[in-house]
Structure formats: C-alpha cells, structure tokens
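Structural characterization, general
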Amino acid sequence: MLDYIIVGSGLAGIAFSEMAIQNQKSFFVFNNQSQNSSKIAGGLYNPVILKRFSEVWHAKEQLDLVYPFYATLEKKLGVKLNYKLPLLRKFYSAEEQNNWFTASDKPNLSTFLSTELITKKWDAIPSPFNFGEVLFSGYVDTPLLLTAYQSFLIQENKYKEETFDYSQLLLHSDSVQYKDIKAKHIVFAEGFGMLLNPFFSKLPLDGTKGELLLIKAPNLNLDVIVKSSVFVMPTGNDYYKVGATYNWEDKTNLPTEAAKKELTDNLKELIKCDFEIMEHYAGVRPTVKDRRPLVGTHPIHKNLHVLNGLGTRGVMLAPEMAKELFNHIENQTPLDQHIDIKSIKNFVSSFYQNE
C-alpha cells in the first residue's frame, strides 16, 4: 500500500510530491493536463502587492522555503528554473515616489522595498520619475518545471496521464483505493479542475482567467522585470513575457482578442520600441475571493485532502502550503485558520446536512 495518491501535477502537486520524497513516503500521481494555469503562468514571484503597497501574506515564511525548494529541483532535474531578477516599479509622478517611500517605512514592508531610487535609463522605457526596486523577486520557469518534473515521475514509475474518475475511488476507514492502487491518503491538487470534484466542489474556488503574451523585442535590452500596468519579464534572446489580464467571468483556456488588445495597448504605453507577438497564452488560475489558499482534510472522509487555491502566487505559496498540509496529515499539526477548509462553515455544514 502506498502512502499517497496525488491528483494533479501543477505547482501544488509537484510541491506535495517533493514533501513526500523528502520524508521517504511512497506515492503515485495522476494528471490529465486539462488545467494549464501553472504551464502558462508568468512564474513571477515577489513579496509585495504593488497595487496596494501591502505585504504578501506569509511572505517571509514563503521566501525562506522558495529558494531551497527550487534549488533542490534544479539539482534533481538538471535544469535552470529560478531566475533571481530585480523587479522595478515604474513611477509616473512625484506622488507615486512619495507613496513608495511611505510604504517602505512600514515595518512589514521595509525588508522588501528598497529606499534607493533606481535611476538607470533604458532607451525603450522613458522614466523621468525613475523606478522603485522590490527585493527578493524573480521568476521560475514554470513550463520547463512541469515538463521536466513529469519526465522525472515517469522515469520513477510514479505518473499516469489520466482523467481522474471519482466514481472509481473507494473509501475505507484507513485507506483509499483507486482502481488497482491502494493508499493511506489521497491529495487533490487539481487547480480549477477541483470544481468537478464531488468531495471538494463546494469550496469557494472562483477561477480567474489570465492571459499573457510572449514577445520578441530586439531593441528593448531589458535585464530586469518592469512592472507598470503590465509586467515585462525578460526570458532570454530578446524574448519577454508580458502579462497579465484578470477575468472573473470567462472560465475557458482560449486566448481572446480583447485580452490581446488590452495587453498590447498597455505595453505600448510602457515601451517605445517595436515588438513582435510570438505567442498568446491563456489559463484559469485557481483563485479564491479572499486570496487565501484552500488546504486541509475533508470534514467526513479523513483520508481525503485538498491543496488548492494558490492563485496568482503559486510559485511562492506551493512549497509552504505543501509543507503545512503534509505536517497536518502526518503529525496532526493544526493548520492556520486562514487556509484550513474546516474554517469555511458553509462547506463543512453542507456535508453534515447531506449525510
């Protein structure tokens, strides 16, 4: 009997797989590739919500895990994944500069916001009011991570490409069985696909569609990430990712002309050089209105667990949330009430009403 069945192999599923490996736990992964938010994600990580100048929840705890987590994966997979790059916020007025310095004085933000203006000039980005620098930022090459990790799991005979059939899941008091695989626990890390999961579909997951562009701009010559109404992130060889849009209504993975126009218009306001659109990506992020992840154990079925709702910050959240869930399952460590699904009263009560 295995220790775990893991459903999903995006950022959440990979992070939990790694927790299992680190703790010598056996597991098998099912993944159907239907949800591609991790695959098309910008992969950007930074500890500050720049729109509101507020700290990302648990930013320090997440960063403490992020660097060793991706370093371990780089060594294991033999690929470069984590690119530590400065993130610069372009200022459009003296007032924006003042707001930045006010924010940088706050105790919870002083670690993450530099108090020195970045005055370097890039020919293609007019910046009369200069830039502010966010520290401890960068990006993870999420498409490469997903394909490389899938290959690793296949080599280890721990992976199957398959749409999970919930009707085939048998629940026992001390185990679960899916077809010919028996395990002590099953962890659902399905992203937006969780809405089809009968055990967790009542959780308040509300996907946000995001679209981004891959452009080629030989004259941009940018060696940092720049954030304005869009982010522009260099990925090498004059290629840049540009994103991202937010759409709470459309739940498809199809790129739209409206988002393409929005991104292109915002990009033209930021950069003053020619560019060519090479790719246009779309995916639905697994988000929650209050931006807190959905983590924990089913209120009735004690062998069923969920790791979801990582939203736009999956690169940072995944290692910490996987660690939290693993310790909760194995050591009965209480979960933070902000992420524990048992604190969602409507979800818990719905099962007791139906039982």
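Just above sits the structure.
Here's a quick rundown of the structure. All figures in this text were calculated on a predicted structure; none of them were measured in a lab.

A word on the nonpolar core. With 64 residues, the main nonpolar core has Tyr4, Phe16, Tyr70, Leu73, Leu145, Leu307 and Met321 as its most contacted residues. Not counting residues within four places of it along the chain, the set of residues in contact with Tyr70 comprises Leu11, Leu81, Asn82, Val140, Leu145, Val315 and Pro319.

Checked against the element boundaries, Asn331 lands in helix α7 (residues 314-331). A relative accessible area of 49% means that Asn331 is categorised as partly exposed. The spacing of Asn331 and Asn46 is 285 residues in sequence and 31 Å in space, taken between C-alpha atoms.

With that out of the way, let us pick up the environment of Leu196. As for its placement among the helices and strands, Leu196 is situated in the loop between β13 (181-188) and β14 (208-216). Looking at Leu196, the relative accessible area reads 69%, which means it is exposed. Each C-alpha atom of the pair Leu196 and Tyr166 lies 9.2 Å from the other, and the pair is 30 residues apart in sequence.

All right, on to the pairing of strand β17 (residues 239-243) then. Counted residue by residue, β17 has 4 buried out of 5 residues, so it is predominantly covered. Of the pairings in the sheet, the one linking β14 to β17 comprises 5 bridges and is antiparallel in character. Residue pairing for β17: Leu212 is matched across the bridge by Gly243. Strand direction decides the pairing type here: strand β16 (residues 231-236) and β17, joined by 5 bridges, are antiparallel. Residue pairing in the sheet places Met233 in a bridge with Lys241 of β17. The loop that links β16 with its antiparallel partner β17 comprises 2 residues; one of these, Asn237, has a positive phi angle of about 55°.

Turning to the pairing of β14, a few remarks are in order. Burial analysis of β14 places 8 of its 9 residues in the buried class, which makes it a mostly covered element. Bridge count between β14 and strand β18 (residues 276-285): 9 bridges; the pairing is antiparallel. Residue Leu212 lies in a different strand from β18, and its bridge partner there is Tyr281.

Moving on to the side chain of Ser137. If you trace the backbone, Ser137 turns up in the loop between β8 (131-134) and β9 (138-140). A distance of 2.7 Å separates a polar atom in the side chain of Ser137 from the backbone oxygen of Leu85. A distance of 3.3 Å separates the side chain of Ser137 from the backbone oxygen of Val134, its partner in a polar contact. Discounting chain neighbours no more than four positions away, the residues touching Ser137 are Tyr45, Asn46, Tyr67, Lys84, Leu85, Pro86 and Leu87.

Quick look at the packing of helix α3 (residues 59-77) against helix α5 (residues 142-155) now. Close contact between α3 and α5 brings their axes to 11 Å; oriented N to C, the two are set at 55°. The orientation of α3 relative to α5 falls into the category oblique. The handedness of the crossing between α3 and α5 comes out as left-handed. On the side of α3, the interface is formed by Tyr70, Leu73, Lys76 and Leu77, while α5 contributes Leu145, Ala148, Tyr149 and Phe152. Residues belonging to the contact of α3 with α5 are distributed by class as follows: 7 nonpolar, no polar and 1 charged.

What counts and what doesn't
- Counting restarts for each chain: residues are numbered from 1 in the order of the written sequence.
- Residue-level local features of this predicted model are given only where pLDDT is at least 70; pairs of side-chain atoms are given and counted only at 80 or more, and the full residue set underlies all totals for whole chains, interfaces and linings.
- Excluded from the side-chain calculations are hydrogens and water; all other atoms, namely the structure's heavy atoms, are used.
- Residues belong to one nonpolar core when they are buried, are Ala, Val, Leu, Ile, Met, Phe, Trp, Tyr or Cys, and are joined through side-chain atoms within 4.5 Å.
- Accessible area is worked out with a 1.4 Å probe on protein chains only. A residue is then buried under 20% of its type maximum, exposed over 50%, and partly exposed in between.
- The contact definition used throughout considers only heavy atoms, calling two residues in contact when any of these lie within 4.5 Å.
- Put simply, DSSP H or I for four residues or longer makes a helix, DSSP E for two residues or longer makes a strand, and each gets a number counted from the N terminus.
- At least two DSSP bridges between two strands are needed for those strands to be called paired.
- Whenever two N or O atoms come within 3.5 Å, that pair is a polar contact, provided that in protein one can donate a hydrogen and the other can accept it, and provided that, for residues adjacent in sequence, both atoms are side-chain atoms.
- The angle between two axes is taken between their N-to-C directions and runs from 0 to 180 degrees, where each axis is a line fitted to C-alpha atoms and a helix contributes only its stretch in contact.
- Roughly parallel covers angles under 35 degrees, roughly antiparallel covers those over 145, roughly perpendicular covers 65 to 115, and oblique covers all other angles.
- Crossing chirality is assigned from the near helix's rotation relative to the far helix, an anticlockwise turn below a right angle marking it left-handed and a clockwise turn marking it right-handed.
- Under the scheme applied, nonpolar residues are Ala, Val, Leu, Ile, Met, Phe, Trp, Tyr, Cys and Pro; charged residues are Asp, Glu, Lys and Arg; polar residues are all the others, including Gly.

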